[in-house]
Amino acid sequence: MKWPELGVYFFFESGETREDGLTGRVVRVGTSTRLWERLRQHRGTLAGQYAGGGSHSGTVFRELIAEVLGASGNFEQGSSKWDRRKDAPGDRTREHDLEVAVSAHIRAMPFLWLGVNDPWRKMIEVSAIALLSNFERESIDAPSPDWLGRRSRSAEVLESGLWNRKDVSRSWDHDPTFLPMLRSACDAMFPLRSESVRASP
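S.K.: Please explain the sheet that holds strand E2 (residues 28–32) as it appears in this structure.
M.R.: In a beta sheet, neighbouring strands pair by backbone hydrogen bonds and run either parallel or antiparallel. Strand order in this open sheet of three strands is E2-E1-E3, and the pairing throughout is antiparallel. Each end of this open sheet is capped by a strand with a single partner; those strands are E2 and strand E3 (111–115). Within the sheet, the average angular offset between the axes of one strand and its neighbour, ignoring direction, is 15°. Taken strand by strand, helix H1 (residues 35–43) contacts strand E1 (7–11), E2 and E3, and its axis lies near 30° from that of E1. Against the sheet, helix H4 (residues 120–132) engages E1 and E2, with an angle of about 170° to E2.

This is the structure:
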């Protein structure tokens with residue numbers, strides 16, 4: 001696939017729906033100036049000595065899921081304990097089973113992505129997180145009772161309903177002008193579909 005360098009992505013998760021019980025609920029929003037490279041880091045490795053795994057310190061997304069899965073007691077976590085600074089060396093051999101579980105969990109999650117250039121790229125990410133977050137406000141499209149994030153040690157994940165830490169507390173501060181920008185980005189990627197939607201009654 002031909003991936004844009006700059007973009008915003010939205011992850012969904014099995015069993016997570018909006019209040020209508022049908023529409024998928026966004027569980028992670030992110031952006032990157034190297035879109036495919038960031039998605040590849042989330043996905044984990046496919047080959048090599050640690051095939052199927054990844055790096056828990058590679059992305060916050062992986063780290064947050066690893067903290068929850070690791071706390072189950074089902075994995076030998078090695079020396080890094082998954083919660084040290086990112087430069088902690090760890091023991092990749094002992095952590096591999098947990099890395100594989102994290103990769104498997106993320107790879108099962110559908111996602112959408114949009115090519116978005118600066119300066120709108122970051123604004124769309126921040127405002128989308130703020131709009132979707134339930135942090136310190138009455139829940140809209142609340143996570144399901146079985147959502148893995150409900151076992152997170154991170155208050156940001158637990159209260160927001162998102163696998164995000166940054167910007168979730170800005171739920172009162174999203175910029176409403178980002179929605180037309182988001183629509184424009186969709187129209188730019190799917191012009192024929194957009195025209196069809198406009199023409200339908």
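On we go from here.
S.K.: What's the story with the packing of aromatic side chains in this structure? I'm lost.
M.R.: Aromatic rings considered in pairs are described by the distance between their centres and by the relative angle of their planes. One pass over the full model with this rule turns up six aromatic pairs. Note on tryptophan 3 and tryptophan 113: the rings are 4.6 Å apart at their centroids and 35° apart in plane angle, and the pair reads as tilted. In this pair, tryptophan 3 sits in the segment before E1 while tryptophan 113 sits in strand E3, placing the two residues 110 residues apart along the sequence. Each of the two residues, tryptophan 3 as well as tryptophan 113, counts as buried. Taken together, the aromatic side chains of Tyr9, Phe11, Phe61 and Phe111 make up a single cluster linked through ring pairs. Lying across the ring of tryptophan 147, arginine 25 places its NZ or CZ 5.1 Å from the centre.

S.K.: I keep staring at the pattern of salt bridges and nothing clicks. Help me out?
M.R.: A side chain of one charge can pair with a side chain of the opposite charge if their charged atoms are brought near each other. The tally for this structure, following the rule as stated, stands at eight salt bridges. Note that arginine 40 is salt-bridged to glutamate 37, the shortest N-O span being 2.7 Å. Remark: glutamate 37 and arginine 40 occur in helix H1; sequence separation between them is three residues, near one turn of the helix. Glutamate 37 sits in the partly exposed class, given a relative accessible area of 22%.

The rules behind each value
- Residues numbered from 1 in each chain as written.
- Predicted model: local features only at pLDDT ≥ 70, side-chain atom pairs only at ≥ 80, totals over all residues.
- Heavy atoms only, no water.
- Pairing = 2+ DSSP bridges.
- Helix = DSSP H or I, 4+ residues; strand = E, 2+ residues; numbered from the N terminus.
- Axes fitted to C-alpha atoms, helices over the stretch in contact; angles between N-to-C directions.
- Contact = heavy atoms within 4.5 Å.
- Phe/Tyr/Trp six-rings, centres within 6.5 Å; stacked < 30°, edge-to-face > 60°.
- Buried < 20%, exposed > 50% of the residue type's maximum accessible area, 1.4 Å probe, protein only.
- Lys NZ or Arg CZ within 6 Å of the ring centre and 35° of its normal.
- Salt bridge = Lys/Arg side-chain N within 4 Å of Asp/Glu carboxyl O.

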